[in-house]
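Here's the letter readout for the chains.
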Amino acid sequence: QVQLVESGGGLVQPGGSLRLSCAASGSIFSIYAMGWYRQAPGKQRELVATITSGGSTNYADSVKGRFTISRDNAKNTVYLQMNSLKPEDTAVYYCNGTVVTGWGLSSDYWGQGTQVTVSS
């Protein structure tokens, strides 16, 4: 089994910053890619940022220049540094990983989510 556990969410004022962490554990051979997604009430889950094992990144247009995704492959951990937060960033943030669990075997795993609330 593989588990992803997010941490770092909370309440922050507009313009503030938060750093989210997601640690993967379990029967992991390697992790091809990890990413952050978010879901606000009444809306579809959307991609925020992704990063491959080689360090290639993608960002949603809405967060470019404000958010930075990074990873520590040795620790099987991905981070999301969120700066200049806006109320519209309020959502539950979910960590995703494409995990290789054996030769030729890979699966997507999701964390339970961490709440980020941006409000005065």
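Higher on the page you've got the structure.
Residues numbered from 1 in each chain as written. Predicted model: local features only at pLDDT ≥ 70, side-chain atom pairs only at ≥ 80, totals over all residues. Heavy atoms only, no water.

**Some thoughts on the overall build of the protein**
A count of helices and strands for the protein gives zero helices and 11 strands. The C-alpha atoms of the protein give 14 Å as radius of gyration, which agrees with the globular expectation for 120 residues (14 Å, within 12%). Along the three orthogonal principal directions, the C-alpha set of the protein runs to about 50 × 25 × 25 Å. By the burial criterion, 39% of the 120 residues in the protein qualify as buried. Restricting to contacts in the protein with at least 6 residues of sequence separation, those with at least 24 account for 55%. (Helix = DSSP H or I, 4+ residues; strand = E, 2+ residues; numbered from the N terminus. Rg over C-alpha atoms; globule rule 2.2 N^0.38 Å. Buried < 20%, exposed > 50% of the residue type's maximum accessible area, 1.4 Å probe, protein only. Contact = heavy atoms within 4.5 Å.)

**A word on the state of the cysteines**
Disulfide: a covalent bond connecting the sulfur atoms of a pair of cysteines. Here the structure, examined in full by the defined rule, presents one disulfide. Two residues, Cys22 and Cys95, share a disulfide whose sulfurs are 2.1 Å apart. Between Cys22 and Cys95, the disulfide has an S-S torsion of -85° and is therefore left-handed. On the criterion of sequence distance, the pair formed by Cys22 in strand β3 (residues 18-26) and Cys95 in strand β9 (residues 91-102) is long-range, its members being 73 residues apart. (Disulfide = S-S within 2.5 Å.)

**Re the nonpolar core**
Trp36, Val48, Phe67, Val78, Leu80, Met82 and Tyr93 are the most contacted members of the largest nonpolar core, which has 27 residues in total. Elements with a minimum of two residues in this core: β1 (2-7), β3, β4 (30-39), β5 (46-52), β7 (67-72), β8 (77-82), β9 and β11 (114-118). Residues within four places of Tyr93 in sequence aside, it is in contact with Glu6, Leu20, Trp36, Tyr37, Arg38, Val48, Phe67, Leu80, Met82, Gly113, Thr114 and Val116. (Core = buried A, V, L, I, M, F, W, Y, C linked by side-chain atoms within 4.5 Å.)

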